[in-house]
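# Observations on the model geometry
As a plain string of letters, each chain reads:
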Amino acid sequence: MTETRTTDVVVIGAGVSGLTAARRLAQAGRSVVVIEAGDRVGGRTMNLDVADGVITEGGGQWVGPGQDRVLSLLDELGLETFKTHVAGKSIYRRRGRSKRYDGLVPPLSPLALADFAQLQLRLERMARTVPLDAPWTARRARSWDARTFGHWLEANATTAEAREMFTVGFSVTNAEDPHSTSLLVQLARIRGSGGIEHAFNITGGAQESRVVGGTVRIAERLAEDLGDAVVLDSPVVEIAQDADGVSVRSARVDVRADRVIVAMSPADAAGIRVTPGLPTRRVMLQRRWSSGAESKLFAVYDRPFWREQGLSGQAVTDLPVARYVVDNSPPDGSVGILLTFLGTAGAGYGQHWPDAVLDDPAVRRSAFLADLAVLFGPQAAHPTAYLEKDWTHEPWINGCVGSRAPGTLTQYTDADRRPVGRIHWAGTETATVNQGYFDGAVRAAERAVQEVLDFDPVRVSSRPAA
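Keep in mind it's a predicted model, so treat the numbers as computed, not measured.

Cut-offs used in this document
Residues numbered from 1 in each chain as written. Predicted model: local features only at pLDDT ≥ 70, side-chain atom pairs only at ≥ 80, totals over all residues. Heavy atoms only, no water. Helix = DSSP H or I, 4+ residues; strand = E, 2+ residues; numbered from the N terminus. Expected span 1.5 Å × (residues − 1). Buried < 20%, exposed > 50% of the residue type's maximum accessible area, 1.4 Å probe, protein only. Arc of directions from axis to C-beta. Contact = heavy atoms within 4.5 Å. Pairing = 2+ DSSP bridges. Axes fitted to C-alpha atoms, helices over the stretch in contact; angles between N-to-C directions. UniProt positions renumbered as here; feature names shortened; annotations may be inferred. Phe/Tyr/Trp six-rings, centres within 6.5 Å; stacked < 30°, edge-to-face > 60°. Lys NZ or Arg CZ within 6 Å of the ring centre and 35° of its normal.

### Description of helix 3 (residues 110-127)
Counted at 1.5 Å a residue, the expected span for helix 3 with its 18 residues is 26 Å, and the 26 Å between its end C-alpha atoms agrees. What helix 3 keeps buried is the set Ala112, Asp115, Phe116, Leu119, Gln120, Leu123, Met126 and Ala127. Seen from one end, helix 3 has its buried residues packed into an arc of 135°, which puts them on one side. In helix 3, the exposed residues that point more than 90 degrees away from the buried face are Pro110 and Leu111. If you follow the buried residues of helix 3, they end up packed against helix 4 (141-145), helix 5 (149-156), helix 6 (160-174), helix 7 (183-192) and helix 8 (196-200).

### Re the sheet that holds strand 8 (residues 89-94)
Consider a sheet: its strands pair through backbone hydrogen bonds, and that pairing is either parallel or antiparallel. Read across the open sheet, the seven strands follow the order 9-8-19-20-21-18-22; overall the sheet is mixed. Of all the strands in the sheet, the pair left with one neighbour each is strand 9 (97-101) and strand 22 (385-390). Strand-to-strand, the axes of this sheet are offset by a mean angle of 20°, without reference to chain direction. With two bridges connecting them, strand 19 (residues 311-317) and strand 20 (residues 324-327) associate as antiparallel partners. Along strand 20, the bridge assignment pairs valine 316 with tyrosine 324. Across the sheet, helix 6 touches strand 8, strand 19, strand 20 and strand 21 (336-342), and the angle it forms with strand 8 is around 120°. Sitting on the sheet, helix 14 (residues 361-376) touches strand 8, strand 18 (295-301), strand 19, strand 20, strand 21 and strand 22, and the angle it makes with strand 18 is about 60°.

### What to know about the UniProt feature "binding site: substrate" (unreviewed entry) in the chain
Feature annotation in UniProt places "binding site: substrate" (unreviewed entry) on Phe341, given in this structure's numbering. Mapped onto the elements, phenylalanine 341 comes out in strand 21. If sequence neighbours within four positions are ignored, phenylalanine 341 has contacts with Trp62, Val172, Glu294, Ser295, Lys296, Val321 and Tyr324.

### Structural notes on the pairing of strand 13 (residues 245-250)
Each regular strand shows side chains that alternate between the opposite faces of the sheet. With six bridges connecting them, strand 12 (residues 236-242) and strand 13 associate as antiparallel partners. Bridging from a neighbouring strand, glutamine 241 pairs with valine 246 of strand 13. The turn linking strand 12 back onto strand 13 is made up of two residues. Note: strand 13 against strand 14 (residues 253-257), four bridges, orientation antiparallel.

### Thoughts on the packing of aromatic side chains
Going through the model one piece at a time under the given rule, you end up with eleven aromatic pairs. Arranged with centres 5.9 Å apart and planes meeting at 80°, the rings of tyrosine 301 and tryptophan 306 form a pair that is edge-to-face. When the ring of tryptophan 306 is compared with that of phenylalanine 376, the centres are 6.3 Å apart and the planes differ by 50°; the resulting orientation is tilted. Of this pair, tryptophan 306 sits in helix 12 (residues 305-308) while phenylalanine 376 is found in helix 14, placing the two residues 70 residues apart along the sequence. With relative accessibility at 0%, the residue tryptophan 306 sits in the buried group. Here phenylalanine 376 falls in the buried class, since its relative accessible area comes to 4%. Connected via pairs of aromatic rings, a cluster forms that spans Phe116, Phe149, Phe166, Phe170 and Phe200. Positioned over the ring face of tryptophan 425 is arginine 282, at 3.5 Å from the centre of the ring. The ring of tryptophan 391 carries the charged tip of lysine 389 above its face, separated from the ring centre by 4.8 Å.

### With respect to the sheet that holds strand 24 (residues 423-425)
Pairing within the open sheet is parallel, and its five strands lie in the order 11-3-2-15-24. Edge positions in the sheet fall to strand 11 (230-231) and strand 24, since each of these pairs with one other strand and no more. Here strand 3 (residues 32-35) runs beside strand 11; their pairing, made up of two bridges, is parallel. Note that in strand 11 the partner of valine 34 across the bridge is valine 230.

Right, here's the structure in full:
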């Protein structure tokens, strides 16, 4: 039988954003119920078991300087971080030649370095003209939103090498080929995340640190404190709002509340029926929202043997599968783990992996290990385990990092986060700062909670008359 509850606020979605919203509401003295469709908390975070007591992160995994809200939350929850391994030389491989290098910048040719610098300068100069809270009001918003970021790179890069570097870097951070992302969206992300170097870099950048025990521990700790306020295995089918409140119907619980926060990507939220119907801009945004199709591939070894060779485990390449590789080993180095990212469209315009690579785990494994052997020697071809995580086949999650195709930002503007009556929207996709990162998820949650509190009838009625 379906349980019935009454509460102040319902939160739909038990990822980092939804659970942070629930925590902040509880801290503000509001009762809350969190409803999650899946059988676990964490959303797009997940631990994969590697060995006894050793995990690797199947979803989002990094935090870095400038991500103040999530770092503050980690402190609040008593969670510790450790630095991504960078000691040793990295590998840059292009056109059959491998070079080892120190520091952050691969040894591009002088012309490519100059080209990379001019592209970065132009992009960051353009990004500074984009208002974070309303990027669609930028002077050139319509023309920038009418083309893809990948098309801009094709038109403005003077060397193939620099263009390839940008393509690989943004394919990893966006979880999708740059030709699927609006230029305006990318400029807003560049401004909101501290610039291109911050987005690309490990030390001093967005990939600097990982959470001890895995980033899913953020959601698990939040859920532990919320207790039975979190209801799992209960997909929401309808949100009905009226003058007195909202009714949320789900598989295991029906909840009556004053307000609801939907902490899901617009694509995922599209599966919920809303009555009365949503505004046209919100409906169309949900229909046209795209989520990245990136997978994570892991090769596990009995030890991080590349460190014995003086290598960091990081590589940037033009190899078929392993275009970006990073050392994803646990903090004690008890086992070695090399990680790469595999999308569906290929890392560049007109580049596509064969269907066999995309659809057959055995083929993916062989192709990945062949690339690792080229980079790190024959020992890399013989891991003790191979793991992968593909977010496109999750039952309740529509891919990984979300994005907007050309035209949707100027057409639908703030429909991603504008409240609809008693319905509020959270999730990292709705953040204006550090969108797509954990920090964006926390910021979006805290913004949605503030909206709820600002419209709280108890608070409004208690305000003194002017």
